[in-house]
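# What the coordinates show
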Amino acid sequence: MSNPKFRIAICGGGVGGLTLAVALSRYQDIAIDVYEAARSFREIGAGIGVWPRVFRVLRKFGPDFEQQLLQHCDCEYTEEYVSSIKNRKSDQVVGTELFDLMSKGKLMRFHRADFHGVLLSVLPPSCTIHNAKRLVSYSQPLEDYSGKSPITLTFKDGSTAMCDVLIGADGIKSAVRPCMLRELAGGMDPDEKPSVLSCINPIWSGVTTYRTLIPAQKLRARFPDHRVLTEFTQYMGKNIYLLAYPVSLGQNINLVGYTFERDLVESAYKDDSEIPRPSFKWKANDEWVGELAAQQFVEPFKDLEEDAQHILECIEKGTLWAVHTVKNLPSTNFGRVAIMGDAAHAMVPCQGSGAGQSIEDAYLLMTVLGHKSTTLEMVPRALAIYDKLRRPFSSEVAQRSMRTGQLCTFQGDVPLNKLGDAITKSWEWAWLTDLDDALEEAVRLVEDSSIDIT
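Source: prediction; values computed, not measured. What you see as residue numbers is a count from 1 along each chain, following the sequence as written. Side-chain atom pairs in this predicted model are given and counted only at pLDDT of 80 or more, local residue features only at pLDDT of at least 70, and totals for whole chains, interfaces and linings cover all residues. Side-chain metrics in this entry use all non-hydrogen atoms of the structure; hydrogen atoms and water are not considered.

## Thoughts on the nonpolar core
Keep this limit in mind: What we call a nonpolar core is a set of buried Ala, Val, Leu, Ile, Met, Phe, Trp, Tyr and Cys residues that are connected through their side-chain atoms within 4.5 Å. Categorising residues by exposure relies on relative accessible area from a 1.4 Å probe, with only protein chains included: less than 20% of the type maximum marks a residue as buried, more than 50% marks it as exposed, and the intermediate range marks it as partly exposed. Residue contacts are defined here by distance: any two heavy atoms, one from each residue, within 4.5 Å place the two residues in contact.
Residues Phe115, Ile167 and Leu369 are the most contacted members of the largest nonpolar core, which totals 61 residues. Each residue touching Phe115, except ones within four places of it in the same chain, is listed here: Val15, Ile48, Val50, Leu58, Leu69, Phe110 and Ile359. Counting 34 residues, the second-largest nonpolar core is a separate cluster that includes Phe99, Met236, Val348 and Leu407.

This is the structure:
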């Protein structure tokens, strides 16, 4: 590219970062560099769910892209009302059906590696990939947020790189977020700084997940008609729940268990910058992810109904994840830097919407940065528009996701006969709303720079 209008660095090659790279690559006047910490692209985790709202965003990438995705999905896209999740009261010997979550359109389920692979396959050669580049920090010229002075990136290996715009898609342990929030706090009154700086580090949400994949053939051999071979099922109990569903075109069963520590969960999004919060203690070095033997995995869920035990009997090993979240941030942008995805709004996975929110972030960022009116000098405004339109929504989704988890673990005052309505109401944004209104508003604000966006 001989003379791009600006060069964008995307730090992080997960679902959000690669979706942004693919989206921006349609603009021939933007140079794109993706910096990924790993030596080769890989996605940790098993399943990824995409609700209709987000799948409608993915369809905007064109029919070929949609068809490639559908080749890795075990269901067809529809906008009819369907039963998405079977929910059972399982903290008893014989479980009972509580309710079916009815959604307008299906939850499109993928193996995360398959989804990631499709994004990589459509990434054009014009997008430069840099592996084994873990960002440590960046330096943005304080006197020239909207001018020609480049942003300097510094990596763990000692190398540096330059860019005009930096997007941090580097996950919950983001290196971009602390630098950006310190810049933001630098111009604030002393009494306002602690609240901003308290958002730098992720916090343990009080939620722990237990994850594994089970070969469907193994479950089928022992229990040929087990419901999770064909249905997304949640087994609910007090302070715990278990979900299972087929992935990889039915070859595997994705199994995820949750435990909720009530006090920590209830305070996860409260403004408590001066109150110390306990960290997750599982290993001596406080690792968030660890390997589990089968018995360790099964232990928290041993009292669930027999139907759930049949699945647990097929486990060989698994992983434990201490689910950390990001507090509600005061901003997701500063100058020519912005953060997206888990770097901006890491949430508990109880509505299966974390990856979807990063996809929405990516598409709106593409809309404001790729617009013909967005010159290098206008990038700070474009990123402020992104923040204005995405931060309140993604923050609301994060809190709804936590609320759904609390309801699924019977934490709250909702009676069982009203639980289905409460969970559905909390979740229905995922199929009854669209990103389109925000996209239209973004274009309006980009095209009319006289409109105040503060």
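After that view of the structure, there is still more to cover.
## What to know about the environment of Leu181
Applied cut-off: Put simply, DSSP H or I for four residues or longer makes a helix, DSSP E for two residues or longer makes a strand, and each gets a number counted from the N terminus.
In this fold, Leu181 is placed in helix α5 (residues 176-186). With 19 residues separating them along the chain, Leu181 and Met162 place their C-alpha atoms 20 Å apart. Setting aside anything within four residues of it in sequence, one finds Leu181 in contact with Val196, Leu197, Cys199, Ile200, Leu329, Pro330 and Ser331.

## Some remarks on the packing of aromatic side chains
Spelled out, the test is: Think of it this way: a Phe, Tyr or Trp ring, Trp meaning its six-membered ring, pairs with another when their centres are within 6.5 Å, and the plane angle makes it stacked under 30 degrees, edge-to-face over 60, tilted otherwise. Comment: the charge-over-ring label is applied if NZ (Lys) or CZ (Arg) is within 6 Å of the ring centre and within 35 degrees of the ring normal.
Applying the stated criterion across every chain yields a total of 14 aromatic pairs. For the pair Phe55 and Tyr77, a centre-to-centre distance of 5.1 Å together with 25 degrees between the ring planes defines the contact as stacked. Within this pair, whereas Phe55 is found in helix α2 (residues 52-58), its partner Tyr77 is found in the loop between α3 (63-70) and β4 (81-89), the two being separated by 22 residues in sequence. On the numbers, 6.5 Å between centres and 45 degrees between planes, the contact of Tyr241 with Phe260 is tilted. In this pair, Tyr241 sits in strand β14 (residues 240-247) while Phe260 sits in strand β15 (residues 252-260), placing the two residues 19 residues apart along the sequence. The pair formed by Tyr241 and Phe260 is uniform in burial state, with each residue classed as buried. Here the aromatic cluster, defined as three or more aromatic residues joined through ring pairs, consists of Trp51, Trp427 and Trp431. If you follow Arg26 out to its NZ or CZ, it ends over the ring of Phe61, 5.9 Å from the centre. Lying across the ring of Trp288, Lys173 places its NZ or CZ 4.4 Å from the centre.

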